[in-house]
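Coordinate analysis (summary)
Here is what each chain is made of, one letter per residue.
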Amino acid sequence: MIIRDIMRKGELGVVEKGINDLQTEADRSAQRCIVASLSKQFPKVDIIGEETLDPNDKIPADWIVLGSDTEILAKPCPENLTNVKDEDVVIWVDPVDGTAEYTQGLLDHVTVLIGIAVNGKAVAGVIHQPFYNYKTANATLGRTIWGVIGIGTFGLDKVLPPAGKRIVTTTRSHSNKTVTDSVQAMSPDEVIPAGGCGHKALLVIAGVAHAYVFGSPGCKKWDTCAPEAVLHAMGGRLTDVHGNDIRYEATVKKQNAGGVIATMSDHDWYLSRVPQSVKDALPA
């Protein structure tokens, strides 16, 4: 509601954090809401948000969410997560993934990402699409997809991508030679330029694309933690271009320097197609 309300009012409060890196009032307000709510319930857990905000900011009381979903809590906890300690957990928050697209009105590219890592591995994630169905009259606006490895993915059904062709999704606004070389090496029949890591991962999860290929540094841990967990919970995989798992401890560097490959199947084939020149350019 916060993100949609700010868009409706038209007071986006855009700030340039760097080259091709914007922040809006939606980013700031959504992060305050998410982080304050999680901190209230889990005060000992590390929570890392994309935005650097004043910790003394006052949060409206009605922004603090304290409830729990009994239907979700009723699901059996995977054995490897039954004895997790607070200090083993890091929550990565991207309050508005696809901020540039948000400011441009490309609202179907916008997601909210909350990823949970335990001992450095992505284990659970939430991908919320606040503007899902916004182009359809009288449709329910927004949807939430979530997943826990060992339980499954919920909020959408698994759909296989089109047979007999190869569709790759990649960045629409942060391309360079290594990105282009990586995508073309997959011999795609179609390339879908898209904004937001969460949105591109959802294109793979929803069977619209076969793979998300980004052969460049750029995206951060808060971009990939939730999508990786949701994808993995459905049977897919997300790694860097070398095939290394991405680590999510609180102390790691925030940037995913080795790029991203995300697939629902045939992951090793996509890794094998990454040009050596791209691998040499990106740290393993």
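Thresholds, definitions, all that
- Counting restarts for each chain: residues are numbered from 1 in the order of the written sequence.
- A pLDDT threshold of at least 70 governs which residues receive local features in this predicted model, and a stricter bar of 80 or more applies before side-chain atom pairs are shown or counted, although totals over entire chains, interfaces and linings include all residues.
- Excluding hydrogens and water, the side-chain figures rest on all heavy atoms present in the structure.
- One requirement defines pairing of two strands: DSSP has to find at least two bridges between them.
- Only DSSP runs of H or I reaching four residues or more are called helices, and only runs of E reaching two or more are called strands; each is numbered from the N terminus.
- Angular values range over 0 to 180 degrees, each being the angle between N-to-C directions of two axes fitted as lines to C-alpha atoms, with helices fitted over their stretch in contact.
- Contact definition: two residues touch when any of their heavy atoms are within 4.5 Å.
- By definition here, a salt bridge exists when the distance from a side-chain nitrogen of Lys or Arg to a carboxyl oxygen of Asp or Glu is within 4 Å.
- Accessibility here uses a 1.4 Å probe with only protein chains present; expressed as a share of the type maximum, an area under 20% marks a residue as buried, one over 50% as exposed, and anything in between as partly exposed.

**Some points on the sheet that holds strand 8 (residues 152-154)**
As summarised here, the arrangement of the six strands in space is 3-4-5-6-7-8, forming an open sheet in which the pairing is mixed. Of all the strands in the sheet, the pair left with one neighbour each is strand 3 (46-49) and strand 8. Sheet twist, expressed as the mean angle between neighbouring strand axes with direction ignored, is 15°. Across seven bridges, the pairing between strand 5 (residues 111-118) and strand 6 (residues 121-129) is antiparallel. Directly across from Leu-113, in strand 6, lies its bridge partner Ile-127. On top of the sheet, helix 7 (residues 221-233) reaches strand 3, strand 4 (89-97), strand 5, strand 6, strand 7 (143-148) and strand 8; it is set at about 100° to strand 6, its chief contact.

**Thoughts on the pattern of salt bridges**
All chains considered together, the criterion is met by nine salt bridges. Because the salt bridges share partners, they merge into one network encompassing Glu-25, Arg-28, Arg-32 and Asp-57.

**Looking at helix 6 (residues 197-205)**
Along helix 6, nine of the nine residues are buried, which leaves the element largely enclosed by surrounding structure. Here helix 6 has its buried residues at Cys-197, Gly-198, His-199, Lys-200, Ala-201, Leu-202, Leu-203, Val-204 and Ile-205. Downstream of helix 6 by a residue or two, Gly-207 has a phi angle that is positive, lying close to 80°.

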